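# Coordinate inspection notes
The chain contents come next:
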Amino acid sequence: MRTPPNECASDPVDGPERRCILTGEHGPRAALNRLALDNAGQVWPDVRARAPGRGAWLGVDRAALEIAIAKGKLKGALARSFKSSEIVIPPDFADRLGVALRDNALNRLGLEARAGALLLGSDRIGESARAGKISMLLHAADAGEDGSRKLDQAWRVGSDKEGSDLRGQTLPVGRDPLSKALGRENAVHIGVADDRAAKRIGEALDRWLAYEGFNSAGTACENTDEGSSARSDARQTEGLIG
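Chains are numbered independently. Their residues run from 1 in the order of the written sequence. In view of the model being predicted, local features appear only for residues whose pLDDT reaches at least 70, and side-chain atom pairs are presented and counted only at 80 or more, with totals across whole chains, interfaces and linings using the full set of residues. Hydrogen atoms and water are omitted, and side-chain values are computed over all heavy atoms in the structure.

### Things to note about the overall build of the protein chain
Scanning the protein chain for helices and strands turns up eight helices and nine strands. Note on classification: 1.4 Å probe, protein chains only; a residue is buried when its accessible area is under 20% of the maximum for its type, exposed when over 50%, partly exposed between these limits. For the protein chain, buried positions account for 47% of its 242 residues. By the convention used here, residues are in contact when the closest approach between their heavy atoms is within 4.5 Å. The long-range share in the protein chain, meaning contacts at least 24 apart out of those at least 6 apart in sequence, stands at 70%. Computed by Shrake-Rupley with a 1.4 Å probe, the accessible areas treat only the displayed protein chains as cover when residues are assessed. For the protein chain, the exposed area adds up to about 12,100 Å²; of that, 46% sits on carbon and sulfur atoms. The way it works is that DSSP assigns letters per residue, a run of H or I at least four long becomes a helix, a run of E at least two long becomes a strand, and they are numbered from the N terminus.

Set out below in structure tokens:
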């Protein structure tokens, strides 16, 4: 099981753990994805872990999940977990999980925006970043390279990490979906100054990004080169589920 990408490798993992039904490895509940069955035996993503009854947990990314579905291993693992042979896996289940994780992350950003926890606008973010008041920095997929680079540098200066690889996370969605989620116009860059809000956002983003094969969300815990290439964890997990 991968180290949750929003934490330093040396940080202790708090909270309950769950076991991935495909790899058999344990990880923090916040880093795994819960699955639930409806009355007809169809499996559904339950990314907020709110569905009643017994659930099953996944700790693999999209590429590994697609392999497990194609080989029948997910159905077998679910049958053992739910103790039922009447399991129905929709053909687009991997896509459904990705959409659910994306919507959950964007909804979290929207909640934090309404609570006043987000900083928007390059000037405001840059000023706060240089003052060392930013815990998380995010960029839309279609953000200008120059603007993102300037904010990244301001964050490094304010975090006393000049010369490091600390930088904001470029999200796999553009400004239009971000603006819609936040209820604001032209949301291109996002800064988060509140540590608790950054943690809540980071947990939702990290699960989404890890599933899609991206590296971690941009937080004050400095990113490393490990796992930075897309799908690197997918290749590792593929070996686990064979």
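Still more to cover.
### Focus: the nonpolar core
Ranked by size, the top nonpolar core spans 50 residues in total, and within it Leu22, Leu65, Leu74 and Leu78 carry the most contacts. If sequence neighbours within four positions are ignored, Leu74 has contacts with Ile21, Leu22, Leu58, Leu65, Ala68, Ile69, Ile89 and Phe93. Here, nonpolar core refers to any group of buried Ala, Val, Leu, Ile, Met, Phe, Trp, Tyr and Cys residues whose side-chain atoms link them within 4.5 Å. Core analysis: the next-biggest nonpolar cluster, separate from the first, contains nine residues, Leu119, Ile125, Ala129 and Trp155 among them.

### Examining the sheet that holds strand E5 (residues 56–58)
At least two DSSP bridges between two strands are needed for those strands to be called paired. If you trace the three strands from one edge of the open sheet to the other, you get E4-E3-E5, paired in antiparallel fashion. For this open sheet the edge positions go to strand E4 (43–45) and E5, each flanked by a neighbour on one side alone. Strand-to-strand twist in this sheet, taken as the mean axis angle between neighbours without regard to direction, amounts to 35 degrees. Pairing of strand E3 (residues 33–37) with E4 involves three bridges; the strand directions are antiparallel. Residue pairing for E4: Ala36 is matched across the bridge by Trp44. Angles run from 0 to 180 degrees between N-to-C directions of axes, and those axes are lines fitted to C-alpha atoms, restricted for helices to the stretch in contact. Along the sheet face, helix H3 (residues 93–114) touches E3, E4 and E5 and points at about 30 degrees away from the line of E4.

### Here's the deal with the pattern of salt bridges
The term salt bridge refers to a side-chain nitrogen of Lys or Arg lying within 4 Å of a carboxyl oxygen of Asp or Glu. For the structure shown, the criterion picks out 14 salt bridges. Among the ionic pairs, Arg149 bridges to Glu145, the shortest N-O distance being 3.6 Å. Of the two residues, Arg149 and Glu145 both sit in helix H5 (residues 145–158), four residues apart, roughly one turn of that helix. Its relative accessible area of 43% is what places Arg149 among the partly exposed residues. The residue Glu203 makes a salt bridge to Lys199 at a minimum N-O spacing of 2.7 Å. Of this pair, Glu203 and Lys199 both sit in helix H7 (residues 195–212), four residues apart, roughly one helical turn. According to the relative accessible area criterion, Glu203 is partly exposed, its value standing at 33%. A single network of salt bridges, built from pairs that share partners, joins Arg62, Glu66, Asp95 and Glu212.

### Points about the sheet that holds strand E9 (residues 189–192)
One open sheet accounts for four strands, arranged E6-E9-E7-E8; its pairing is mixed. The open sheet has two edge strands, strand E6 (118–120) and strand E8 (169–170), and neither has a second partner. Looking at chain direction, E6 and E9 are connected through three bridges and run antiparallel. If you follow Leu119 over to E9, its bridge partner there is Gly191. Strand contacts of helix H4 (residues 122–130): E6, strand E7 (136–139) and E9, with the helix running at about 120 degrees to E6, the strand carrying the most contacts.

### Re the pairing of E7
Burial along E7 is two-sided: the residues Met136 and Leu138 and Leu137 and His139 are all buried. Where E7 and E9 come together, four bridges link them in antiparallel fashion. Its bridge partner lying in E9, Leu138 is registered against Ile190. The pairing of E7 with E8 spans two bridges and is classified as parallel. By the bridge assignment for E8, Leu138 is matched with Gln169. Handedness of the crossover joining E7 and E8 through H5: right-handed. When the strands point away from the viewer, a crossover counts as right-handed if the route from the first strand across the helix to the second turns clockwise.

### Observations concerning helix H2 (residues 73–82)
Of all the positions in H2, only Leu74, Ala77, Leu78, Ser81 and Phe82 are classed as buried. Taken around the axis of H2, the buried residues stretch over an arc of 115 degrees, which confines them to a single face. Just downstream of H2, Lys83 is the residue with a positive phi angle, here 55 degrees. Starting at the helix axis, one direction is taken to each C-beta atom, and the arc is that of these directions.

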